[in-house]
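Remarks on the overall topology
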Amino acid sequence: MKKVLVIQEDIIILKILERLTTLNGFDCKAIRSLDALNIEDQQTNFDFIITDILFEGIAPLQFVAQVQEVLLHKNLLIVTNMGQDKIKQEIFSLRGITGFYAVPIDLDEIEAIIQAY
């Protein structure tokens, strides 16, 4: 089964993304911060990681770099309340970013990406 990890502090967005991925046949682990990961999660190669970039105590680019370094994954989607063009450009300048979506999000677009996989 395809695996997805959703990391999102906003509980409403977390639950929406969890439901969307589950309905599309993914085994979904939904957490509110990296602190909730266990050793098994760190050894899992996720098909998708869908994450916010706004977490207390860590800069957005630093958070993305940490996720890319610590977690095995094939695709990384950013879903965030931080939709400034500058941040989006900085995120896309990093390698391995599949998509960037600012709230309010277009669930149809996200669904199309995960279904295409």
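Here is a short report on the structure shown in this document. (Residues numbered from 1 in each chain as written. Predicted model: local features only at pLDDT ≥ 70, side-chain atom pairs only at ≥ 80, totals over all residues. Heavy atoms only, no water.)

Strand order in the open sheet formed by 5 strands is β2-β1-β3-β4-β5, with parallel pairing between adjacent strands. For this open sheet the edge positions go to β2 (26–31) and β5 (99–102), each flanked by a neighbour on one side alone. Adjacent strand axes in the sheet meet at a mean angle of 20 degrees, parallel and antiparallel pairs treated alike. Where strand β1 (residues 2–7) meets strand β3 (residues 45–51), 4 bridges bridge the pair, whose relative direction is parallel. Considered in β3, the bridge of Ile7 is made with Thr51. (Pairing = 2+ DSSP bridges. Helix = DSSP H or I, 4+ residues; strand = E, 2+ residues; numbered from the N terminus. Axes fitted to C-alpha atoms, helices over the stretch in contact; angles between N-to-C directions.)

Enumeration over the complete set of coordinates arrives at 4 aromatic pairs. For the pair Phe26 and Phe48, a centre-to-centre distance of 5.8 Å together with 75 degrees between the ring planes defines the contact as edge-to-face. Note that Phe26 is positioned in strand β2 and Phe48 in strand β3, a separation of 22 residues in sequence. Considered together, Phe26 and Phe48 belong to a single accessibility category, that of buried residues. Here Phe92 and Phe100 contribute two aromatic rings whose centre-to-centre distance is 6.5 Å and whose plane-to-plane angle is 50 degrees, an arrangement assigned as tilted. Phe92 gets classed as partly exposed once you look at its relative accessible area, which sits at 39%. (Phe/Tyr/Trp six-rings, centres within 6.5 Å; stacked < 30°, edge-to-face > 60°. Buried < 20%, exposed > 50% of the residue type's maximum accessible area, 1.4 Å probe, protein only.)

At a minimum axis distance of 10 Å, the contact between helix α1 (residues 11–23) and helix α5 (residues 107–116) shows a crossing angle of 40 degrees. When the interaxial angle is binned, α1 and α5 end up oblique. The way α1 lies across α5 gives a crossing that is right-handed. Counting all contacts with α1, which are made through Ile16, Leu17, Leu20 and Thr21, the residues of α5 involved are Leu107, Ile110, Glu111 and Ile114. In the contact of α1 with α5, the residues fall into 6 nonpolar, 1 polar and 1 charged. (Parallel < 35°, antiparallel > 145°, perpendicular 65-115°, else oblique. Left-handed = near helix turned anticlockwise from the far one by under 90°. Contact = heavy atoms within 4.5 Å. Nonpolar A, V, L, I, M, F, W, Y, C, P; charged D, E, K, R; others polar.)

It is worth spelling out the pattern of salt bridges at this point. This model, assessed by the stated rule, comprises 5 salt bridges. Two residues, Asp27 and Lys3, come together in a salt bridge whose shortest N-O distance is 3.1 Å. Of this pair, Asp27 sits in strand β2 while Lys3 sits in strand β1, placing them 24 residues apart in sequence. Its relative accessible area of 31% is what places Lys3 among the partly exposed residues. Among the ionic pairs, Lys74 bridges to Asp47, the shortest N-O distance being 3.2 Å. Taken together, the residues span a long stretch of sequence, with Lys74 in strand β4 (residues 72–80) and Asp47 in strand β3 at a distance of 27 residues. Exposure remark for Lys74: the relative accessible area of 45% places this residue in the partly exposed category. With relative accessibility at 8%, the residue Asp47 sits in the buried group. (Salt bridge = Lys/Arg side-chain N within 4 Å of Asp/Glu carboxyl O.)

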